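For reference, the chains in residue letters:
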Amino acid sequence: MRRLQLVETEAVPVADSVPRLRIAIATQDMKALNAHFGSAKKFAVYDVTPHESRFVEAVEFGTVSDESGKHRNEGDDRIGPKVDALRGCNLLFCLAIGGPSAVKVVNARIHPVKLSAPEPIETVITKVQTMMAGNPPPWLRKVMMAQQERSMDFLDEEE
């Protein structure tokens, strides 16, 4: 696995009251959501608010599944490292994800979202922003509430 992270010289201010989500997008080319979870060579990770988005990192994997549901070397765990690499993300967008992989993703507190066809990454981000800014569907509202609760965890330490 290789990680390319954005290093910022200044903190990016975001008001605490602004909802924000970290999303991961399964991609083969860093241009579009165009991969199944298990066969994704890369994941593009973005921080998204209703009005802004910011690229955070790219995570690349050398050996992936062949989309048949089986991994190249039986017995090798190719899913666990992907889930571990995406910890801290709130949403995972992909074209497909198998049941066992979905369980691992959900257990990592990441909500998987399957899209039926490839889309440019910018389109996926715009759709998330539109849902966040308007009346989010129940599944997204739940993710946003969980994210807000996680960001407030540090307040309990003072008591």
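Residues numbered from 1 in each chain as written. Predicted model: local features only at pLDDT ≥ 70, side-chain atom pairs only at ≥ 80, totals over all residues. Heavy atoms only, no water.

1. Quick look at helix α3 (residues 121–133)
The end-to-end C-alpha separation of α3 is 18 Å, in line with the 18 Å expected for 13 residues at 1.5 Å each. Within α3, burial applies to I121, V124, I125, V128, Q129 and M132. Down the axis of α3, the sector holding all buried residues measures 135 degrees, keeping them to one side. The outward face of α3, more than 90 degrees from its buried face, is lined by the exposed residues E122 and T130. (Helix = DSSP H or I, 4+ residues; strand = E, 2+ residues; numbered from the N terminus. Expected span 1.5 Å × (residues − 1). Buried < 20%, exposed > 50% of the residue type's maximum accessible area, 1.4 Å probe, protein only. Arc of directions from axis to C-beta.)

2. Brief notes about the packing of aromatic side chains
Applying the stated rule across the entire model yields 3 aromatic pairs. For the ring pair Y46 and F55, a centre distance of 5.5 Å and an interplane angle of 75 degrees mean the geometry is edge-to-face. On the basis of relative accessibility, which here comes to 14%, the residue Y46 falls in the buried class. Through successive ring pairs, a cluster of aromatic residues spans F37, F43 and F61. Its guanidinium or amino end placed over the ring of F37, K82 lies 5.8 Å from that ring's centre, counting from NZ or CZ. Positioned above the aromatic ring of F61, the side-chain terminus of K82 is 5.4 Å from the ring centre. (Phe/Tyr/Trp six-rings, centres within 6.5 Å; stacked < 30°, edge-to-face > 60°. Lys NZ or Arg CZ within 6 Å of the ring centre and 35° of its normal.)

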